[in-house]
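If you want the building blocks of each chain, they are given just below.
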Amino acid sequence: MEPVFRALEFTALSAVKIAGARIDYRGLERIPARGGAVIAINHTGYVDFLPAGLAAYYRGRRMRFMIKAEMQRVPVVNYLIRHTRTIPVDRAAGADAYRHAVAALRSGELVGVYPEATISRSFELKRFKSGAARMALEAQVPIIPLIVWGAHRLWTKDHPRARLVASKVPVTVQVGEPLAPCGDAAALTARLREHMSPILAAVQQDYPHPAGEFWVPRRLGGAAPTPEEARILEEQELAERKRKSAGGHRADPPGTEL
């Protein structure tokens, strides 16, 4: 029954209703009704897990997300992690999380993964890590590409969080065709990114994209950083975290990016 997960689903559905958000789900039938699968999700903001998780809910499934281990420092989040079979990932030593994810896939679970690992400031796809492909290959389950677009307008890096009530931000969730677990990890990772890139571009093109808005990619006339500018910002952020750590300062509080 998983009462904690059920309570989370109710909270998510209520939040969407209160916010007046319009979530357009496309291709939900591509999420398998049963059996294990890796759900590969693009990462543009702090709340894109919510419409992604609801996509599974509307297929009568539950998605086990992989989340960075630092979130266990937050007591309420740690409680939810322990009671929803969420998989914490220690980036310095991720072997244990990897084993848990493969076991979950083999037992028929959906495991949500962000191949980009961290939020894309450009809102374009970053370079992919190979974890999603390696898990799919070892568990011999398909990878399902899933694009979330619009949720980053509510809360993303370098920008204040939008008011939840009456925000009425439209969100699109597009599920792509499953990719079979074949070839080596590098080839499958490349194939996944090649498959997701045109899906994201099509969803972005179809979504209203007013010129100059911070949440619109530069390619479409927006004010978001270019991928190269975003890479520089990310390198500066990483250097600053290292400086604070070396100086004995407390690091920035953990976010929700994976």
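Owing to the predicted nature of the structure, the values given are computational and were not obtained by experimental measurement.

### Looking at the overall build of the chain
Thought 1: Secondary structure assignment for the chain yields seven helices and seven strands.
Thought 2: Secondary structure of the chain in N-to-C order comes out as α-β-β-α-β-α-β-α-β-α-β-β-α-α.
Thought 3: The C-alpha radius of gyration computed for the chain amounts to 18 Å, which stays within 12% of the reference 18 Å derived for 258 residues, consistent with globular compactness.
Thought 4: A separation threshold of at least 6 residues defines the contact pool for the chain, and within that pool the share at least 24 residues apart is 75%.
Thought 5: Carbon and sulfur atoms form 57% of the exposed surface of the chain, whose accessible area is close to 12900 Å².
Thought 6: Looking at charge distribution, the chain has the averaged site of its 37 positive side-chain charges lying 4 Å from that of its 26 negative ones.

### Focus: helix α5 (residues 131-139)
Thought 1: Those residues of α5 not exposed but buried are Gly-131, Ala-132, Ala-133, Met-135, Ala-136 and Ala-139.
Thought 2: Residues of α5 that are buried in the fold lie against β2 (37-41), β3 (63-68), α4 (95-106), β5 (110-113), β6 (143-149) and α6 (185-206).
Thought 3: Looking one or two residues past α5, Gln-140 carries a phi angle of roughly 55°, positive in sign.

### A word on the packing of helix α1 (residues 3-19) against helix α2 (residues 49-57)
Thought 1: Orientation of α1 relative to α2, taken along the N-to-C sense of each, is 115°, at an axis distance of 11 Å. Judged by the sense of rotation from one axis to the other, the crossing of α1 with α2 is left-handed. Of α2, the residues touching α1 (which contributes Arg-6, Glu-9, Ala-12, Leu-13 and Val-16) are Leu-50, Leu-54 and Tyr-57.
Thought 2: Tallied by class, residues from the contact of α1 with α2 come to six nonpolar, no polar and two charged.

### Focus: the pairing of strand β7 (residues 170-175)
Thought 1: In terms of residue burial, β7 counts as a mostly covered element, since six of its six residues are buried.
Thought 2: Along β7, one buried face is formed by Pro-170, Thr-172 and Gln-174 and the opposite face, lined by Val-171, Val-173 and Val-175, is buried too.
Thought 3: Pairing of strand β1 (residues 22-26) with β7, which is carried by five bridges, proceeds in the parallel orientation. Its bridge partner being in β7, Ile-23 is matched across the sheet by Val-171.
Thought 4: In this sheet, β7 lies alongside β6 in antiparallel orientation, the contact comprising four bridges.

### Focus on the pairing of β3
Thought 1: Across the six residues of β3, six count as buried, placing the element largely inside the fold.
Thought 2: Residues of β3 alternate between two faces, with Met-63, Phe-65 and Ile-67 on one and Arg-64, Met-66 and Lys-68 on the opposite face, all of them buried.
Thought 3: Pairing of β3 with β5, which is carried by three bridges, proceeds in the parallel orientation. Within β5, the residue paired with Phe-65 across the bridge is Gly-112.
Thought 4: Relative to strand β4 (residues 87-89), β3 runs parallel, the two sharing three bridges. Each bridged residue has a counterpart across the sheet, and for Ile-67 the counterpart in β4 is Pro-88.

### Structural notes on unusual backbone geometry
Thought 1: Unusually for a residue other than glycine, Ala-117 sits at a positive phi of about 75°.
Thought 2: Relative to the helices and strands, Ala-117 is located in the loop between β5 and α5.
Thought 3: For Asp-158, which is not glycine, the phi torsion reads 70° and is therefore positive.
Thought 4: Relative to the elements of secondary structure, Asp-158 occurs in the loop between β6 and β7.

### Re the packing of aromatic side chains
Thought 1: The tally for this structure, following the rule as stated, stands at six aromatic pairs.
Thought 2: With a centroid separation of 4.8 Å and an interplanar angle of 50°, the aromatic rings of Tyr-46 and Trp-155 are classed as tilted. One end of the pair, Tyr-46, is in the loop between β2 and α2; the other, Trp-155, is in the loop between β6 and β7, with 109 residues separating them in the sequence.
Thought 3: Here Phe-123 and Trp-149 contribute two aromatic rings whose centre-to-centre distance is 6.4 Å and whose plane-to-plane angle is 75°, an arrangement assigned as edge-to-face. With a gap of 26 residues between them, Phe-123 in the loop between β5 and α5 and Trp-149 in strand β6 connect regions that are remote in the sequence.

### Considering the pattern of salt bridges
Thought 1: Scanning the entire structure with this criterion turns up 19 salt bridges.
Thought 2: For the salt bridge of Arg-6 with Glu-9, the shortest nitrogen-to-oxygen distance reads 3.5 Å. Within this pair, Arg-6 and its partner Glu-9 are both found in helix α1, separated by three residues, close to a single helical turn.
Thought 3: Given the relative accessible area of 33%, Arg-6 is considered partly exposed.
Thought 4: Each of Glu-2, Arg-6, Glu-9, Arg-62, Arg-64 and Glu-109 takes part in one network of salt bridges that share partners.

So, how was this worked out
- Residues numbered from 1 in each chain as written.
- Predicted model: local features only at pLDDT ≥ 70, side-chain atom pairs only at ≥ 80, totals over all residues.
- Heavy atoms only, no water.
- Helix = DSSP H or I, 4+ residues; strand = E, 2+ residues; numbered from the N terminus.
- Rg over C-alpha atoms; globule rule 2.2 N^0.38 Å.
- Contact = heavy atoms within 4.5 Å.
- Areas by Shrake-Rupley, 256 points an atom, 1.4 Å probe, with all protein chains shown as cover.
- Lys, Arg positive; Asp, Glu negative; His and termini not counted.
- Charge placed at Lys NZ, Arg CZ, Asp CG, Glu CD.
- Buried < 20%, exposed > 50% of the residue type's maximum accessible area, 1.4 Å probe, protein only.
- Axes fitted to C-alpha atoms, helices over the stretch in contact; angles between N-to-C directions.
- Left-handed = near helix turned anticlockwise from the far one by under 90°.
- Nonpolar A, V, L, I, M, F, W, Y, C, P; charged D, E, K, R; others polar.
- Pairing = 2+ DSSP bridges.
- Phe/Tyr/Trp six-rings, centres within 6.5 Å; stacked < 30°, edge-to-face > 60°.
- Salt bridge = Lys/Arg side-chain N within 4 Å of Asp/Glu carboxyl O.

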